[in-house]
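Chain by chain, the residues:
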Amino acid sequence: MKTLVTGGAGFIGSHLCDHLVARGHHVTVLDDLSTGTTENLAGVLDAPGFTFVHGDILDRDLVDGLVAEADCVYHLAAAVGVHTIVDNPLRSLRTNLHGTENVVEAAVAHKVPYMVASTSEVYGKNDTDGLREDADRIYGSPTKSRWSYAAAKGLDELVAYVHGSQSGVPCVITRFFNVVGPRQTGRYGMVVPRFVGQAMADEPVTVYGSGTQRRCFGSVFDVVPALPKLMETPEAYNRAVNLGGREEVSIKGLADRVVELTGSTSVITYTDYEEAYGEGYEDMQRRYPDTSLAQRLIGFEPTRGLDDIIHSIVDHRRAARPVPA
Ligand code: UDP
């Protein structure tokens with residue numbers, strides 16, 4: 001099986017590469033290394049049939065050529081992280097809209113089954129208990145840059161879905177809910193690696209807003225194995241499927257847990273959203289997934305709780321630290 005992973009040097013993409021290589025796939029990664037790194041691929045670079053291509057999903061000919069050679073495509077390349085989106089809105093929009101169009105159009109032209117990674121951001125401010133795949137989207141004004149990511153990903157889903165249903169080429173859309181784990185960087189905003197990094201350095205742990213906003217963090221080790229399973233499940237084609245964890249926590253609660261589990265002396269500080277992200281920023285108060293569709297389709301059952309997740313990130317960072325001379 002020849003498999004193309006766009007964004008394969010990123011956090012989720014690189015774990016998917018590990019998983020696919022372990023299952024005997026010959027994997028090609030297309031990544032522009034804007035937020036990913038080749039270190040993330042250290043475990044697979046020398047695997048049989050593994051190829052790394054440094055390039056941009058906006059390069060239509062490059063994408064078309066790579067898709068034509070593949071038996072299956074996982075499209076994870078995207079501009080990610082709240083800071084990336086807010087700091088580079090135009091570039092992020094182009095990548096997330098036209099990049100996905102390029103991948104999907106190539107997949108359909110060459111009849112290659114494809115998965116498009118989407119996000120719980122598409123639900124926007126809908127804070128219903130247990131967001132199901134058919135839940136409404138509730139967005140703030142388009143002039144608030146935060147919503148551009150949700151809007152682009154919503155359109156990506158439509159592009160994937162309409163092409164998939166018109167062409168009959170198998171297509172799966174996955175919606176990731178705050179997926180976290182080793183290799184995720186806090187540089188672009190994501191809260192768990194930021195808190196772990198701050199706590200391990202005994203620096204202040206920076207809660208934005210009141211800290212009462214709630215999230216449900218999913219482990220990358222629970223989510224990644226679900227991806228090839230969905231690709232092998234015809235009932236999953238042309239639908240969006242939620243993937244995430246079970247344990248909900250407030251951001252203040254997360255900060256406390258991280259400080260406790262790392263044995264840190266960090267204090268917890270509070271920063272206004274405006275100071276953290278710039279003017280006019282909006283956050284969502286709550287986001288909790290209903291993953292019963294994934295459960296029904298592939299028996300998806302997340303097994304890692306928040307403590308497990310935090311420990312796995314801390315262990316990974318400790319192992320990566322240079323040993324003092
Ligand atoms: N957050 C925080 N401190 C940080 C980074 C993020 O308190 O250093 C908050 C952020 O405002 C949000 C939550 O943590 O309420 C989750 O943020 P993240 O960017 O990880 O994911 P998302 O907002 O997409 O759920």
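Here is what the cut-offs are and how they apply
- Residues numbered from 1 in each chain as written.
- Predicted model: local features only at pLDDT ≥ 70, side-chain atom pairs only at ≥ 80, totals over all residues.
- Heavy atoms only, no water.
- Near = heavy atom within 4 Å.
- Polar contact = N/O pair within 3.5 Å; in protein donor to acceptor, adjacent residues only side chain to side chain.
- Areas by Shrake-Rupley, 256 points an atom, 1.4 Å probe, with all protein chains shown as cover.
- Helix = DSSP H or I, 4+ residues; strand = E, 2+ residues; numbered from the N terminus.
- Nonpolar A, V, L, I, M, F, W, Y, C, P; charged D, E, K, R; others polar.
- Buried < 20%, exposed > 50% of the residue type's maximum accessible area, 1.4 Å probe, protein only.
- Contact = heavy atoms within 4.5 Å.

(A) Quick peek at the site of the ligand. Lining the immediate environment of the ligand, one finds 19 residues, of which Arg194, Thr206, Tyr208, Arg215 and Asp283 sit closest. Between the ligand and valine 191 there is a distance of 2.8 Å, counted from an oxygen atom to a backbone nitrogen or oxygen. One of the backbone N or O atoms of tyrosine 208 is found 2.7 Å from an oxygen atom in the ligand. In the complex, the protein chains occlude 95% of the 520 Å² of accessible area that the ligand would expose alone. At the level of elements, α6 (191–200), β8 (205–208) and α10 (273–277) are the ones that each hand at least two residues to the shell around the ligand. Class assignment of the residues belonging to the shell around the ligand gives a composition of nine nonpolar, four polar and six charged.

(B) Fine view of the side chain of glutamate 157. Positionally, glutamate 157 belongs in helix α5 (residues 146–167). Residue class for glutamate 157 comes out buried when judged on its relative accessible area of 10%. Of the polar contacts made by the side chain of glutamate 157, one reaches the side chain of arginine 175; its length is 2.7 Å. Ignoring sequence-local partners within four residues, the contact set of glutamate 157 consists of Ser118, Val122, Ile173, Arg175 and Ala240.

Nothing here speaks to function; it is all geometry.
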